[in-house]
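Okay, here's what each chain looks like letter by letter:
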Amino acid sequence: MTASAVLAKAQHENFPVALRILPRMLRRRLETIYGFARLVDDIGDEYTGDRNAALDNLEADLHRAFAGNAQHPLLRRITPFVRETGATEEPFMRLIEANRLDQRKARYETWDELAHYCTLSANPVGELVLLAIGQATPERIRWSDDVCTALQVAEHMQDVDEDRARGRDYLPDGDLVARGRGLLASGVPLVGSLRGWGKLAVAGYVGGGLAAFEALERGDRIASGRERLAQTLRVLRAAH
């Protein structure tokens, strides 16, 4: 898949309605985060060759990106992102490790197993988003981890058929909607602690997650853009 196709796919899947009005610089940073995450997932899920070797090659190019000489067009975007935000390799590496884990583990039988997976597959994205908006602190990262875990759970519930077609089952027994909603409660103090465009950006993610769980509760897989926007506005009001 070309770099432009990966970015288009990442935008479609990860940009709530509210995020489309963000300033260009912030959108560019978010596109870098989600473009990288989408590229890693596509290698882990869809690559027809040796996926572990392909992930190793991606890791090598990530190192080159931090040195300023990446080969892949998407990873070249990481170099200015790092220069502007002070990001380290560690959150990017966790995203790669999540997809390595996908190659050797197909079933998550307990909540603790799933939560650990989310520390690799989802929580690094929230940390990078906070860096992108220039507002990362240890407390905000803790709140963000809750939100990102909830968003990952919602995604697995929405994509359950697709995941099982790949031979994977991420969903342990239990009321995952209740767990997800509980974790998303951390989104209110997180949004309340933020300022400027970052506040709107993060509220968009939290609102999208709440709308997703509402849709799942009524038996739908996807929430409408109007529902996501309505929940985003509710989060902003609650955070004041």
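Residues numbered from 1 in each chain as written. Predicted model: local features only at pLDDT ≥ 70, side-chain atom pairs only at ≥ 80, totals over all residues. Heavy atoms only, no water.

**Student:** Lay out the overall build of the protein with the relevant residues and their values.
**Tutor:** Looking only at helices and strands, the protein features 14 helices and zero strands. The C-alpha atoms of the protein give 17 Å as radius of gyration, which agrees with the globular expectation for 240 residues (18 Å, within 12%). Overall, the protein is about 45 × 40 × 30 Å in size when its C-alpha atoms are taken along their principal axes. Counting the 240 residues in the protein, one finds 52% classified as buried. Taking the contacts inside the protein whose residues are at least 6 apart along the sequence as the reference set, 70% of them involve residues at least 24 apart. Each charge sign in the protein was given a centre, from 32 positive and 34 negative side chains, and these centres are 8 Å apart. (Helix = DSSP H or I, 4+ residues; strand = E, 2+ residues; numbered from the N terminus. Rg over C-alpha atoms; globule rule 2.2 N^0.38 Å. Buried < 20%, exposed > 50% of the residue type's maximum accessible area, 1.4 Å probe, protein only. Contact = heavy atoms within 4.5 Å. Lys, Arg positive; Asp, Glu negative; His and termini not counted. Charge placed at Lys NZ, Arg CZ, Asp CG, Glu CD.)

**Student:** Which residues make up the pattern of salt bridges, and what values go with them?
**Tutor:** What the rule picks out here adds up to 25 salt bridges. Measuring nitrogen to oxygen at the nearest pair gives 3.0 Å for the salt bridge that ties R29 to E84. In this pair, R29 sits in helix α2 (residues 24–46) while E84 sits in helix α5 (residues 78–85), placing the two residues 55 residues apart along the sequence. Residue classification places R29 among the buried residues on the basis of a relative accessible area of 10%. Here R100 ties to D56 by a salt bridge, and the two come within 2.8 Å at their closest N and O atoms. Of this pair, R100 sits in helix α6 (residues 89–104) while D56 sits in helix α3 (residues 51–67), and the two are 44 residues apart along the sequence. Judged by relative accessible area, which is 42%, D56 ranks as partly exposed. (Salt bridge = Lys/Arg side-chain N within 4 Å of Asp/Glu carboxyl O.)

**Student:** Which residues make up α6, and what values do they have?
**Tutor:** The terminal C-alpha atoms of α6 lie 23 Å apart, and with 16 residues this matches the ideal 22 Å at 1.5 Å per residue to within 8%. Turning to α6, its buried residues are P91, F92, R94, L95, I96, A98, N99, R100, L101 and D102. (Expected span 1.5 Å × (residues − 1).)

**Student:** Give me the lowdown on the nonpolar core, citing residues and values where you can.
**Tutor:** The tendency in soluble globular proteins is for nonpolar side chains to be buried side by side. Within the largest apolar cluster, 69 residues are counted, with the highest numbers of intra-cluster contacts made by F36, L75 and F213. When residues of this core are assigned to their parent elements, the largest contribution, 10 residues, is made by helix α13 (residues 196–217). For F36, the contacting residues outside a window of four places in its chain are L58, L62, L75, I78, F92, L95 and I96. (Core = buried A, V, L, I, M, F, W, Y, C linked by side-chain atoms within 4.5 Å.)

**Student:** Lay out helix α8 (residues 123–132) in plain terms, naming residues and giving numbers.
**Tutor:** The buried fraction of α8 is high, at 10 of 10 residues. Those residues of α8 lying buried are N123, P124, V125, G126, E127, L128, V129, L130, L131 and A132. Among the residues trailing α8, G134 stands out with phi positive, at a value near 70 degrees.

**Student:** I'd love a proper account of the confidence of the model for the protein, names of residues and values included.
**Tutor:** Per-residue confidence for the protein averages 91 on the pLDDT scale, and 92% of its residues sit at or above 70. Within the protein, no element has a lower average pLDDT than helix α1 (residues 3–14), which sits at 52, and none a higher one than α3, at 98. (pLDDT = per-residue confidence, 0-100.)

**Student:** Describe the state of the cysteines, naming the residues involved and giving the relevant values.
**Tutor:** By the definition in use, this model includes zero disulfides. Cysteine C118 remains unbridged, with the sulfur of C148 as its closest cysteine sulfur at 9.3 Å. Under the relative-accessibility criterion, C118 is labelled buried at 0%. (Disulfide = S-S within 2.5 Å.)

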